[in-house]
Every structure is written in structure tokens, then in C-alpha cells.
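Topology and contacts: notes
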Amino acid sequence: MDASGLPGRRELPIHRPLMTSPAAAEPILKTSHLLGIEGLSVEEITGLLDLAERYVALNRGASKKIDLLKGRTLINLFFESSTRTQSSFELAGKRLSADVMNMSVKSSSVSKGETLVDTATTLNAMRPDMLVVRHQDSGAAELLSHKLDCCVVNAGDGSHEHPTQALLDALTIRRRRGGFEGLIVAICGDVLHSRVARSNIHLLLMMGARVRLVAPRTLLPADADRFGVEIFHDMEKGLAGVDIVMMLRLQLERMSGAFIPSTREYFRFYGLDHQKLKVAKPGALVMHPGPMNRGVEIDSAVADDIEISVIQEQVEMGVATRMAVLDALSRGLATEGRPARVARKGEGAP
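The rules behind the values
- Residues numbered from 1 in each chain as written.
- Predicted model: local features only at pLDDT ≥ 70, side-chain atom pairs only at ≥ 80, totals over all residues.
- Heavy atoms only, no water.
- Core = buried A, V, L, I, M, F, W, Y, C linked by side-chain atoms within 4.5 Å.
- Buried < 20%, exposed > 50% of the residue type's maximum accessible area, 1.4 Å probe, protein only.
- Helix = DSSP H or I, 4+ residues; strand = E, 2+ residues; numbered from the N terminus.
- Contact = heavy atoms within 4.5 Å.
- Polar contact = N/O pair within 3.5 Å; in protein donor to acceptor, adjacent residues only side chain to side chain.
- pLDDT = per-residue confidence, 0-100.
- Pairing = 2+ DSSP bridges.
- Right-handed = clockwise from strand over helix to strand, strands pointing away.
- Salt bridge = Lys/Arg side-chain N within 4 Å of Asp/Glu carboxyl O.

Notes on the nonpolar core
Counting 67 residues, the largest nonpolar core has Y55, L167, I187, L203, L204 and L213 as the members making the most contacts within it. Counting residues per element, this core draws most heavily on helix 11 (residues 311-330), at 9 residues. With residues up to four places along the chain from it excluded, the contact list for L203 reads I37, I45, A166, L167 and A170. Counting 25 residues, the second largest nonpolar core, distinct from the first, contains L239, I260, L272 and A284.

Quick look at the side chain of H33
Looking at the element boundaries, H33 is found in the segment before helix 1 (42-59). By relative accessible area, which is 8% here, H33 ends up buried. One polar contact links the side chain of H33 to the main-chain amide nitrogen of V152, over a distance of 2.9 Å.

Thoughts on the confidence of the model for the protein chain
Close reading of the predicted structure is inappropriate where its pLDDT is low. Here the protein chain averages 88 in pLDDT, while 84% of its residues score no lower than 70. Predicted confidence is poor over residues 1-17, with pLDDT under 50, and the contacts of this stretch with residues over four places away or in other chains come to 23 contacts. Predicted confidence is poor over residues 341-350, with pLDDT under 50, and the contacts of this stretch with residues over four places away or in other chains come to 14 contacts.

Quick look at the pairing of strand 3 (residues 130-135)
A large share of strand 3 lies buried, amounting to 6 of its 6 residues. Covered by surrounding structure in strand 3 are M130, V132 and R134 together with L131, V133 and H135, the residues of both alternating faces. Where strand 1 (residues 73-78) and strand 3 come together, 5 bridges link them in parallel fashion. Each residue of the ladder has a partner; that of L77, found in strand 3, is V133. Pairing geometry for strand 3 and strand 4 (residues 151-157), over 5 bridges, is parallel. Bridge assignment links V132 to a residue of strand 4, and that residue is V153. Handedness of the β-α-β unit built from strand 3, helix 4 (residues 140-147) and strand 4 comes out right-handed.

Considerations on the pattern of salt bridges
Taken as a whole and judged by the stated rule, the model has 14 salt bridges. The partner of R174 in a salt bridge is D50, with the nearest N and O atoms 2.9 Å apart. Of this pair, R174 sits in helix 5 (residues 163-177) while D50 sits in helix 1; the two residues are 124 residues apart in sequence, bridging distant segments of the chain. Via salt bridges that share partners, D50, E53, R174 and R175 belong to a single interconnected network.

Structure below.
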């Protein structure tokens, strides 16, 4: 408990020093890529979170750089605009001493009609060690993983998954609450278009939390009742007794048609403010993957309330989590830079 009597942040111990050579470190992931949370095991997720904890400590120190990926090349390929995720991956790569290249898709051959496969072939000829990709189409990251001889990290593909966001959210929750078992997490807002929601649902359920989806019917997937979650269309009922409130951005750019009457009406019924939060558990944490639409899905007074909002902490955890992911994937890189081929679900033996 902190001075206010509310549950405080739980600082987990650092079990062992950070490795400077991936060859000397134990493997964490069973695959050569991170394409989604679905398919990962509890042990893999726990291993990534434990590793990220050590990078939190590193990032808070005076010297924030180690030579783990010295000589390795990381390419950030973003087909959609991003500030937080791309800069977070860039910083993560540089703090691990990788050579980082950010590709501007708008000025690349893609804007001139080049296909994704052609882009993959071109990138493969540059012999990168890791590729971080964000794409507007679901499945793009997996396609690239079949075409490139390097590790591929999915930084968000369409409305499918955003695995590193779910991992950093999990790290934030675990540091504050110590674990996931028995926690009630409400994911509120535009679930239909949200890859963040899908990844978080997979992870939280796997780790023992209860998940509620709170949204108007128009912003829920048609098969939401098959996700293993509780569904609410009323904000007050959905937030009653929850430990974590995870707000989602209203993704107007993905909407074709009228999903809501207006942003003003949306905020009235589904925007998070202190009044709606009163029914949650005392000290319930508020999260948001960003960027926030203030006054649409969340009130500024809530977003900036340091007693309950962990939104800025999520940003900090993002760098540490992505360092952990790059570290974990690097452990499967062979000396010539090509990842050890591991059969994925549905594939035959290599």
C-alpha cells in the first residue's frame, strides 16, 4: 500500500544481469518471429515480461545502452503513420546498439505501385536481421515472415493483432498489481476496429484475468460472444467492480459509414470520466494505448490524473518491452544473421 492506502506499484526483483551476448542467453520464444499473442504460451509471455523488467531498470539508469545487437540491422517498415510505436522500436534498437533504418513508405517504391512481395524481395537483398512492420492489411506481417530470411515483428496489422502493445500493457499491469489472476479488466470502446483489443484479450485470458468488453453494438465484432469475455453495452454496468479500465481510440479513419451518431453522443455514453469511474474498484487503473482523443473516449481530467492513470507509464514500458522482444528474437539468429527456421502452426517440418 502507498501513503494513500491504495495498492501501489510492485517493483519486481532483477534476477540476473542483462546479457551482452545473445548466444549466452537462454531462449525465450519458440519461433523466429513475433506475429501475434495468439499462439504464444504462458511461459513465453512470462519470459518476455521478466526480461522487459530488467530493461526497465536499464532504461532508468545513467547508461542506457548495451552492445547486445551490435553489428545487427533492424529495419522499421511502417505503411501506416505512427509516432509512439515507431519511435519506441527505434529507441529500443538503438539502446541495444543495432543499426536502425526507418523506411518512409510514402516516398518509397510502394507509393509507385510496388507490391508487398516485391518490397520484401528488395529488403531481403539488404540482408537485415530484423524487420518491424506495420501494415493496414491483416496478415501482412505473416506474409513477410514467409518471404524474408530475418526475424519479423508485427507492429500492428489491420484489425488483427498488435502483440507488443499487449505485452507492454501486461507489463504495466503486472508492475502495478503483481499479477493477473482474478483481475477484472474492462476493454472499452471501438473493439471492432482494434488490433490492440484482440491482442489484449488473448493475453489477459491466458494469464488468468477476466475480460469485459464495453461498447455499443455497432463497435463490437459480430462474433464477440465467442471470445470468452463478458459483453456489456452499458458503461456503468460494464465498469462495476473492475480493477483495470482499458480505453480504446475511436478509429474514425477505419470506419466507412455511421457507426456512432456523433463524437459528442459517444462521449456522453462511452467516454470515460470520473463520474463513470465511481462504480469501479477503488484505485482502479486507467489505461489507453494512444493516441488519445480527449473529450471523445476519455476526459482530460481522467487521462491526466496521476493517481489512477498509467498512460505515460505505458509509454515507458513500451521501450523496455520492445527491447525485450528484440533481445529474445536475437537469440535465435545464427551467426550469418538468418533466424533458425522453426515450423509454425499448420506447417510441416522444415
